[in-house]
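Residues per chain are reported as follows:
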Amino acid sequence: KRAIAAGFTDIEIDLQITRDDVLVLSHEPVWVDGNGASHKIATMTAHELFAMNPQIVRLDRVLQLFGSDVHWHLEAKPQNPMERTSAMARALSRAIAQAHLRRQPIVDSFQISLITSLQGQCACDLAWDAPFQQPLNQGLLRAARGAGAQWVYVEASALTSSAIQQAHALGIRVAAYTINDLAELSRLLPDLPDAVITDRSDLVSEFKQWRAATPR
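Residues numbered from 1 in each chain as written. Predicted model: local features only at pLDDT ≥ 70, side-chain atom pairs only at ≥ 80, totals over all residues. Heavy atoms only, no water.

A. Summary view of helix α6 (residues 138-146). Inspection of α6 places Leu140, Leu141 and Ala144 among the buried residues, and these make up the whole buried set. Along the axis of α6, the buried positions cluster into a sector of 100°, meaning they face one direction only. Seen from the buried face of α6, the exposed residues on the opposite side, beyond 90 degrees, are Arg142 and Gly146. Buried residues along α6 sit in contact with β7 (125-129), β8 (151-155) and α7 (161-169). Here α6 starts with a cap whose side-chain oxygen sits 3.1 Å from the backbone nitrogen of Gly139, and that cap is Asn137. Downstream of α6 by a residue or two, Gly148 has a phi angle that is positive, lying close to 90°. (Buried < 20%, exposed > 50% of the residue type's maximum accessible area, 1.4 Å probe, protein only. Helix = DSSP H or I, 4+ residues; strand = E, 2+ residues; numbered from the N terminus. Arc of directions from axis to C-beta. Contact = heavy atoms within 4.5 Å. Polar contact = N/O pair within 3.5 Å; in protein donor to acceptor, adjacent residues only side chain to side chain.)

Listed below in C-alpha cells is the structure:
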C-alpha cells in the first residue's frame, strides 16, 4: 500500500511454494517461529503454514486486492528438486491466468531452469536474475536469451553502461537492484537500466527530479 501511495507503477515480490503448491510471499525459504525453530516452507502445507504464522500472505490474495493497480515483478525463489521447480512454474502460470491482470507481469528467478520451464505456459515476460555481483557479460546475456528471457536482473555494483548497451543490442532489457541512492545511477550514464528496484518508497519523487535534470 505504501509503494502504491508513493507513486510506484511496478512492485516486485518474492515467492516461495508450499508442499501443496500454494504460492506465498516470502524472501526466505524458512520461517522461524518464536522459539527459534526453523520451518521449511516447501515441506509444509498452506494450512500448516498459516496456522503457525497467520501473517504470511498468499499470492492470489495480493493479486486479487491490488492486481489492477501495478505492474508485477514476481521473483520465483529457487526450488529443489527439479519436480518442485516444475510445480512452481505451473503454480505461477495458473495464478497469473486466474488473476486477469491488466498488465502482463514479469517473472524472474535466479534458477534458469525455472525460467526455461515457464516458456510457452505463462502469460508473462521472463527475466533471469544473473549470478549475484557477477559482472554482466556476453556469456550471461547469451544464457538469458537461450532461456527465453526478455529481461536480465543485475545487482547494481556489477552493472556498467557498456553491459547495458550489450544487453540492448541483443534485445534484452535490464533491471538493476537494489538502488537506494541515485548516485548509483549517475555512474551508469549515459545508458540507464530499463528498471530500478529499490527499498525506498520515497525514491519516486527524488528520481523524477533527478531524471528531469539529467542530460539525455
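B. Spatial organisation of the state of the cysteines. Taken as a whole and assessed by the stated rule, the structure comprises one disulfide. Residue pairing for Cys122: its cysteine sulfur links by disulfide to Cys124, the two sulfurs lying 2.2 Å apart. Across the disulfide from Cys122 to Cys124, rotation about the S-S bond amounts to roughly 140°, and the bridge is consequently right-handed. (Disulfide = S-S within 2.5 Å.)

C. Main features of the pattern of salt bridges. In this structure the tally under the stated criterion is eight salt bridges. A salt bridge links Arg173 to Asp125; its shortest N-O distance comes to 3.7 Å. Note that Arg173 is positioned in strand β9 (residues 173-177) and Asp125 in strand β7, a separation of 48 residues in sequence. By relative accessible area, which is 35% here, Arg173 ends up partly exposed. Its relative accessible area of 18% is what places Asp125 among the buried residues. A salt bridge links Arg200 to Asp202; its shortest N-O distance comes to 3.0 Å. Residue class for Arg200 comes out partly exposed when judged on its relative accessible area of 23%. Connected through salt bridges with shared partners, the residues Asp14, Glu75 and Lys77 form a single ionic network. (Salt bridge = Lys/Arg side-chain N within 4 Å of Asp/Glu carboxyl O.)

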